[in-house]
Amino acid sequence: MSMRIRTAAVTALAAALTAAAVLTAPAATATPKTPAPAFLSASQLPPHPTSSWTAGPVTEGFPEQLDLCVHTEGVPSYDYRHRTFRTDLDTGAVQLTVVADTAAHAKALAKHYDDLIRTCADRIEESSPDTVAEGRDYGTLPVEEGARVRGLHTETSWGATDIALLSVGRDNRTVTVVQWAQLGNFTDAPVAAFKKTTTRAVNKLY
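Residues numbered from 1 in each chain as written. Predicted model: local features only at pLDDT ≥ 70, side-chain atom pairs only at ≥ 80, totals over all residues. Heavy atoms only, no water.

**Some details on the overall build of the protein**
Line of reasoning, step 1. Along the backbone of the protein there are four helices and eight strands.
Line of reasoning, step 2. Counting helices and strands in the order they occur from the N terminus, the protein gives α-β-β-β-β-α-α-β-β-β-β-α.
Line of reasoning, step 3. Counting across all 206 residues of the protein, residues that qualify as buried make up 51%.
Line of reasoning, step 4. Residue pairs at least 24 apart in sequence account for 66% of intrachain contacts in the protein once pairs closer than 6 positions are excluded. (Helix = DSSP H or I, 4+ residues; strand = E, 2+ residues; numbered from the N terminus. Buried < 20%, exposed > 50% of the residue type's maximum accessible area, 1.4 Å probe, protein only. Contact = heavy atoms within 4.5 Å.)

The structure is reproduced here in structure tokens:
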């Protein structure tokens, strides 16, 4: 589900720019061929109380559902693939995967995306005075090279309120970003279930 608030792209903060500088460094050796990473299935999303999940096809490109917080500006032109998920109600999800040329670049890319998510609430408020945004850190997960889960709540002056859970994880050269979103606030967020989904997403890559 695309968050209903869309803001213009904002210049990345200093930490993100530092990570981006590392990402653009050329690889010293030829990149080994890596199989395409696997994606979550609909049944591996946090259960919805009244509607089942439907998974879309795996699609090339960067998903617009992530563009509230995450973007590709300042990083190499990697091959992005994604899969969207939906319910019959106002709840949706998306998973992104990207394979970097080295493990070091993947580590920097994962940090870059996590930094963008961590600073997303501040950037939303700076660019949209009618919106109040709050981010929360739900901690790291001990899966492969690690993952982190965060939450984002936005509320507009006209009463629209949205809640999202986002995570970034890495397995060697591959980074995955998962987002779950719906109308509501932090009390509506299935944090424990989303942590399980994130762990599955990273474990399932290969």
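**Quick look at helix α2 (residues 103–118)**
For an α-helix the count is 3.6 residues per turn, leaving residues at separations of three or four pointing the same way.
Line of reasoning, step 1. Helix length check: α2 (16 residues) gives 22 Å between terminal C-alpha atoms against 22 Å at 1.5 Å per residue, within 8%.
Line of reasoning, step 2. Of all the residues in α2, the buried ones are H105, A106, A108, L109, A110, H112, Y113, D114, D115, L116 and I117. (Expected span 1.5 Å × (residues − 1).)

**Comments concerning the state of the cysteines**
Line of reasoning, step 1. Per the stated rule, a full pass over the model turns up one disulfide.
Line of reasoning, step 2. The disulfide partner of C69 is C120, and the S-S distance across this bridge is 2.0 Å. Measuring the twist about the S-S bond at about -85°, one finds the C69-C120 disulfide to be left-handed. With C69 in the loop between β2 (59–60) and β3 (80–86) and C120 in helix α3 (residues 120–127), the pair connects residues that are 51 residues apart, well separated along the chain. Of the two residues examined, C69 and C120, each falls in the buried class. (Disulfide = S-S within 2.5 Å.)

**Structural notes on the nonpolar core**
Within soluble globular proteins, side chains that are nonpolar tend to cluster in buried spots.
Line of reasoning, step 1. Formed by 28 residues in total, the largest nonpolar core has its most connected members in Y113, L152 and V175.
Line of reasoning, step 2. Listing elements by their share of this core, those giving two or more residues are β4 (91–99), α2, α3, β7 (161–171) and β8 (174–183).
Line of reasoning, step 3. For this core, the leading source of residues is α2, giving six residues.
Line of reasoning, step 4. Sequence-distant contacts of Y113, that is, excluding residues within four places in its chain, are made with F62, V70, H71, T72, V75, Y80, L96, V168, V175 and V177.
Line of reasoning, step 5. Among the nonpolar cores identified, the runner-up in size contains 21 residues, and L45, F85, I163 and F194 belong to it. (Core = buried A, V, L, I, M, F, W, Y, C linked by side-chain atoms within 4.5 Å.)

**Observations concerning the packing of aromatic side chains**
Line of reasoning, step 1. Going through the model one piece at a time under the given rule, you end up with one aromatic pair.
Line of reasoning, step 2. Between F62 and Y80, the ring centres sit 5.4 Å apart and the planes meet at 85°, which makes this aromatic pair edge-to-face. Here F62, found in the loop between β2 and β3, pairs with Y80, found in strand β3; they are 18 residues apart in sequence, far enough to count as distant.
Line of reasoning, step 3. A cation sits over an aromatic face here: R136 above F186, 3.8 Å from the ring centre. (Phe/Tyr/Trp six-rings, centres within 6.5 Å; stacked < 30°, edge-to-face > 60°. Lys NZ or Arg CZ within 6 Å of the ring centre and 35° of its normal.)

**A few points about the environment of V70**
Line of reasoning, step 1. Along the polypeptide, V70 turns up in the loop between β2 and β3.
Line of reasoning, step 2. The class for V70 is buried, based on a relative accessible area of 0%.
Line of reasoning, step 3. The contacts of V70, once residues within four sequence positions are left out, are F62, Y113, L116 and I117.

**Focus on the pattern of salt bridges**
Line of reasoning, step 1. What the rule picks out here adds up to eight salt bridges.
Line of reasoning, step 2. Its salt-bridge partner being E134, residue R136 comes within 3.2 Å of it at the nearest N-O pair.
Line of reasoning, step 3. D137 is the salt-bridge partner of R150, the closest N and O atoms lying 3.7 Å from each other. One end of the pair, R150, is in strand β6 (residues 147–156); the other, D137, is in strand β5 (residues 131–141), and 13 residues separate them in sequence.
Line of reasoning, step 4. Since its relative accessible area comes to 8%, R150 is described here as buried. (Salt bridge = Lys/Arg side-chain N within 4 Å of Asp/Glu carboxyl O.)

**Quick word on the environment of T154**
Line of reasoning, step 1. Mapped onto the elements, T154 comes out in strand β6.
Line of reasoning, step 2. Exposure remark for T154: the relative accessible area of 1% places this residue in the buried category.
Line of reasoning, step 3. When the C-alpha positions of T154 and I124 are compared, they lie 8.7 Å apart, and in sequence the two are 30 residues distant.

**Some remarks on the environment of A121**
Line of reasoning, step 1. Mapped onto the elements of the fold, A121 is located in helix α3.
Line of reasoning, step 2. Aside from chain neighbours lying at most four places away, what touches A121 is A133, E134, G135 and L152.

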